Amino acid sequence: MLHLVAFLLHCLPLAMGHYDICKSWVTTDDGPSWEFYACQPKAMRMKDYVTVRVDPPGITCGDPPERFCTHENPYLCSDECDASTPDLAHPPKLMFDKEDEGLATYWQSVTWSRYPEPLLANITLSWNKSIELTDDIVVTFEYGRPTIMMLEKSLDNGRTWHPYQYYADDCMEAFGMPARRVRDLSTTSANRIICTEEYSRWAGSKKEKNVRLEVRDRFAIFAGQDLRNMDNLYTRLESAKGLKDFFTVTDLRMRLLRPALGGTYVQRENLYKYFYAVSNIEVTGRCKCNLHANLCSFKEGSLQCECEHNTTGQDCGKCKKNFRTRSWRAGSYLPLPNGSPNAWEGPQDCECYGHSNRCSYIDFLNVVTCVSCKHNTRGQHCQHCRLGFYRNGSAELDDENVCIECNCNQIGSLHDRCNETGYCECREGAVGPKCDDCLPNYYWRQGCFPNVCDEELLICQNGGTCYQNQRCICPAGYKGVLCEQSKCDSDNKACNSASSTYLSLTTFLISALILQLRRLLGD
Ligand SMILES: *[C@@H]1O[C@H](CO)[C@@H](O)[C@H](O)[C@H]1NC(C)=O
Ligand SMILES: *[C@@H]1O[C@H](CO)[C@@H](O)[C@H](O)[C@H]1NC(C)=O
Ligand SMILES: *[C@@H]1O[C@H](CO)[C@@H](O)[C@H](O)[C@H]1NC(C)=O
Ligand SMILES: *[C@@H]1O[C@H](CO)[C@@H](O)[C@H](O)[C@H]1NC(C)=O
Ligand SMILES: *[C@@H]1O[C@H](CO)[C@@H](O)[C@H](O)[C@H]1NC(C)=O
Ligand SMILES: [Ca+2]
């Protein structure tokens, strides 16, 4: 019972924190409506959702079966590890099981039989989900804590790794770092990576079993020793650069670099007593949901935020479709006590139908508008076609082929634009969807021009012939558009000038004939 009370007291400051509801239905002067708050899921035992990997292959004891002894009984080396016998096997999953009172179950490595080659092992924990630590990481070692180890973390599902904390019985010797304690850190160094000697010294194998990453002590720098002033911590998490990220992980890796030595140098004649054995890894944290969810569920093998505030994604890290506002934002712990979801109320008019993923907010119009619409679209939602393009009737608005080029004939049309069925506006005489044909009675020559002559109405006269509707080719002696004019009527000189090089023989003869006729008639 005492244990339970202590446990409750221990958890109280973190459990009772605000930010446990995302919205509530409130009545205001304007009637009832939703009010939205920053919210986060409860802290959970993260070991229940982890996948583990132990490296290198073959580091787990028992295959083949082997004997080991302990530092307490160094000369009674009759314990056995045998992977094929359930009672004697020590597989990695025993680091995460629920233990019956008093009966430790543990993963165990092979012994250091290949000394002086280092006995190295990596234990990698992966969640495939960003997690925010809310309490200490506690690793429990049976048979002694390592004399040298290191904790690493990843924020990107194991693509990149960063040191989290160094542990050694002599930090200077092992890592070239001075030993520090979290208790000595200040507000400006609260996210410093330190090397600590607190968890590596030999203290008798059954006494001190735990190695910690002190999350609570770091919180206490801001919230006070009993974490009573959580408001101050939340304020700092918003304002201090890198502080939130310090407590966030997707993966953890323990690099075990040297086993417990029992307080002495390595005894080469009895290497059966050097190995690693981990009975429990406690990781307490909550799903990181960017303050947009208060529930986190385990679906298809992964943790997943149940996003509110019109956000979506594993971490509520983006806006829902139809809610792509000027940009997604995380919620904020501020202003106290309920924080802000930093979300837009209602769907913002920033649907871009997939032709843009960026919007900008035009303050003085109070509208959100898509920018850089692709696929020849334009408009607030990229819902129109650019000038010179028209809507493809058989394509949805979000189709890449939604806009078709007008392709108006440059000469035949008045401009590049066309109507909704792709018809261009034609100059006089031009016709066709693209204005590349001519009306009847028009001919094409760098545009449409009215016929000059044809076979029916505009007939070339005096024996003239129509050339491609463009002009009459007149016989000698005639001119005019339709060869309707005799050259002599208008210009006697031309008729008289026999030497004119422009006159053909025929013309000459005809002219002579006319001359003779005139003489005969007594002109
Ligand atoms: C443990 O992981 C580190 C990278 O974090 C790697 O460099 C090292 O080789 C690994 N050790 C073993 C024994 O797999
Ligand atoms: C990780 O989580 C994502 C999102 O829930 C899921 O699609 C993916 O399959 C998961 N990957 C693994 C290796 O479990
Ligand atoms: C989200 O969308 C719903 C439905 O359009 C709306 O009622 C609500 O106000 C929006 N905002 C937030 C913060 O949920
Ligand atoms: C119109 O859209 C449909 C559907 O995407 C596409 O198959 C077709 O090629 C488009 N038409 C033109 C002229 O681009
Ligand atoms: C486009 O113009 C053509 C020719 O003028 C016309 O037949 C058609 O109905 C017009 N389409 C629309 C949608 O206005
Ligand atoms: Ca266990």
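Since the model is a prediction, treat every value here as computed from it, not as a measurement.

Q: How would you explain the overall build of the protein chain if you had to name every residue and give the values?
A: In terms of regular secondary structure, the protein chain is built from eight helices and 36 strands. Of the contacts formed within the protein chain by residues at least 6 apart in sequence, a portion of 57% connects residues at least 24 apart. As presented, the protein chain carries roughly 29700 Å² of accessible surface, and 51% of it is formed by carbon and sulfur atoms.

Q: Tell me about the coordination of the calcium ion (ligand 6), and name the residues and values.
A: Looking at the calcium ion (ligand 6), one finds its protein donor set to be L94 (O), D97 (OD), E99 (OE), T105 (O), T105 (OG1) and S279 (O), positioned 2.3 to 2.6 Å from the metal centre. Geometry at the calcium ion (ligand 6) is irregular, judged from the six donor atoms that bind it and their angles of 68 to 159° at the metal. Mapped onto the sequence, the residues coordinating the calcium ion (ligand 6) show the spacing L-x2-D-x1-E-x5-T-x173-S. A relative accessible area of 34% means that E99 is categorised as partly exposed.

Q: Describe in detail the packing of aromatic side chains, supporting the description with residues and values.
A: One pass over the full model with this rule turns up 17 aromatic pairs. Aromatic pair Y49 and F298: ring centres 5.2 Å apart, planes at 55°, arrangement tilted. One end of the pair, Y49, is in the loop between β3 (44-45) and β4 (51-55); the other, F298, is in strand β17 (residues 296-299), with 249 residues separating them in the sequence. Look at Y49 and you get partly exposed, because its relative accessible area is 24%.

Q: How would you explain the site of ligand 1 if you had to name every residue and give the values?
A: Around ligand 1 sit D55, P56, N122, E152, R253 and R255, and that is every residue in its neighbourhood. Within the side chain of E152, one N or O atom sits 2.7 Å away from an oxygen atom of ligand 1. Coverage of ligand 1 by the protein chains reaches 59% of its 360 Å² of free accessible surface.

Q: Just give me the short version of the site of ligand 2, but keep the residues and values in it.
A: The full set of residues close to ligand 2 is N128, S302, Q304 and Q314. Note that an oxygen atom of ligand 2 is positioned 3.5 Å from one of the side-chain N or O atoms of S302. With respect to ligand 2, the side chain of Q314 contributes an N or O atom lying 3.4 Å from an oxygen atom. Here ligand 2 loses 32% of its free accessible area of 360 Å² to cover by the protein chains. Its residues assigned to classes, the shell around ligand 2 comprises no nonpolar, four polar and no charged.

Q: Give me helix α3 (residues 215-223): which residues, what numbers.
A: Counting buried residues in α3 gives seven out of nine residues, a clear majority hidden from the surface. Along α3, the positions that sit buried rather than exposed are V215, R216, R218, F219, A220, F222 and A223. G224 sits one or two residues past α3 and shows a positive phi near 85°.

Q: Could you give an account of the state of the cysteines, naming the residues involved and the relevant values?
A: Summed over all chains, the structure comprises 17 disulfides. With a sulfur-sulfur separation of 2.0 Å, C352 is cross-linked through a disulfide to C370. Taking the torsion about the S-S bond as the criterion, the C352 to C370 disulfide, at about -105°, is left-handed. Pair noted here: C352 is in the loop between β20 (318-319) and β21 (359-362) and C370 is in strand β22 (residues 367-370), with a separation of 18 residues, a long-range link. An identical accessibility class is assigned to C352 and C370; each is buried. A disulfide bridge connects C385 with C403, and the sulfur atoms are separated by 2.1 Å. With the S-S bond torsion at -90°, the cross-link from C385 to C403 turns out left-handed.

Q: Break down the pattern of salt bridges for me, with residues and values.
A: Summed over the entire model, instances satisfying the criterion amount to 17 salt bridges. Of the charged contacts, one joins R181 and D184 as a salt bridge, the two residues approaching to 3.4 Å between their closest N and O atoms. Overall, the relative accessible area of 37% leaves R181 in the partly exposed class. Ionic pairing is found between D226 and R228, a salt bridge with its closest N-O pair at 2.8 Å.

Q: So what's going on with helix α4 (residues 230-239)? Residues and values would help.
A: Along α4, the residues classified as buried are M230, L233, Y234 and L237. The arc enclosing the buried residues of α4, seen along the axis, measures out at 95°, which places them on a common side.

Q: Mind laying out the pairing of strand β11 (residues 162-168), listing which residues take part and the relevant values?
A: Counting buried positions over the seven residues of β11 gives five, a clear majority of the element. Where strand β10 (residues 148-154) lies against β11, six bridges are found, and the strand directions are antiparallel. By the bridge assignment for β11, E152 is matched with P163. Of the pairings in the sheet, the one linking β11 to strand β12 (residues 195-196) comprises two bridges and is parallel in character. Looking across to β12, one finds that Y167 is bridged to T196.

Q: So what's going on with the nonpolar core? Residues and values would help.
A: Ranked by size, the top nonpolar core spans 64 residues in total, and within it W107, W127 and I281 carry the most contacts. The greatest single-element share of this core, amounting to six residues, is contributed by strand β8 (residues 121-133). Grouped together as the second largest cluster of nonpolar side chains are eight residues, Y390, C408, C435 and C448 included.

Q: For the sheet that holds strand β15 (residues 277-282), give the residues involved together with the corresponding values.
A: Spatially, β7-β15-β9-β13 is the arrangement adopted by the four strands of the open sheet, whose pairing is antiparallel. Of all strands in the sheet, those with a lone pairing partner are β7 (107-108) and β13 (210-213), marking the two edges.

Q: Explain the confidence of the model for the protein chain residue by residue, including any values.
A: Interpretation of the predicted coordinates at a detailed level should be avoided for regions scoring low in pLDDT. Averaged over every residue, the pLDDT of the protein chain is 87; the share at 70 or more is 86%. For residues 1-16, every residue scores under 50 in pLDDT, and the model assigns this stretch 10 contacts once sequence neighbours within four places are set aside. Counting contacts from residues 497-513, a segment whose pLDDT is below 50, to residues more than four positions away or on other chains yields seven contacts.

Q: Give me the side chain of K129: which residues, what numbers.
A: Structurally, K129 can be placed in strand β8. What makes K129 buried here is its relative accessible area of 1%. At 2.7 Å, the side chain of K129 forms a polar contact with the backbone oxygen of K288. A distance of 2.6 Å separates the side chain of K129 from the side chain of D315, its partner in a polar contact. Ignoring any residue separated from it by four or fewer positions in sequence, one finds K129 in contact with N157, V249, T250, C287, K288, L303, Q304, C305, Q314 and D315.

Q: So, the environment of M230: which residues are in play, and what are the values?
A: Counting through the fold element by element, M230 comes out in helix α4. The exposure class assigned to M230 is buried, which follows from its relative accessible area of 8%. The sequence separation of M230 and F219 amounts to 11 residues, and the corresponding C-alpha distance is 8.4 Å.

Parameters and conventions
- Residues numbered from 1 in each chain as written.
- Chains lettered and ligands numbered in written order.
- Predicted model: local features only at pLDDT ≥ 70, side-chain atom pairs only at ≥ 80, totals over all residues.
- Heavy atoms only, no water.
- Helix = DSSP H or I, 4+ residues; strand = E, 2+ residues; numbered from the N terminus.
- Contact = heavy atoms within 4.5 Å.
- Areas by Shrake-Rupley, 256 points an atom, 1.4 Å probe, with all protein chains shown as cover.
- Donors = N, O, S within 2.8 Å, 3.2 Å for Na, K, Ca; no water.
- Tetrahedral: all angles 85-135°; square planar, octahedral: opposite > 155°, others 65-115°.
- Buried < 20%, exposed > 50% of the residue type's maximum accessible area, 1.4 Å probe, protein only.
- Phe/Tyr/Trp six-rings, centres within 6.5 Å; stacked < 30°, edge-to-face > 60°.
- Near = heavy atom within 4 Å.
- Polar contact = N/O pair within 3.5 Å; in protein donor to acceptor, adjacent residues only side chain to side chain.
- Nonpolar A, V, L, I, M, F, W, Y, C, P; charged D, E, K, R; others polar.
- Disulfide = S-S within 2.5 Å.
- Salt bridge = Lys/Arg side-chain N within 4 Å of Asp/Glu carboxyl O.
- Arc of directions from axis to C-beta.
- Pairing = 2+ DSSP bridges.
- Core = buried A, V, L, I, M, F, W, Y, C linked by side-chain atoms within 4.5 Å.
- pLDDT = per-residue confidence, 0-100.

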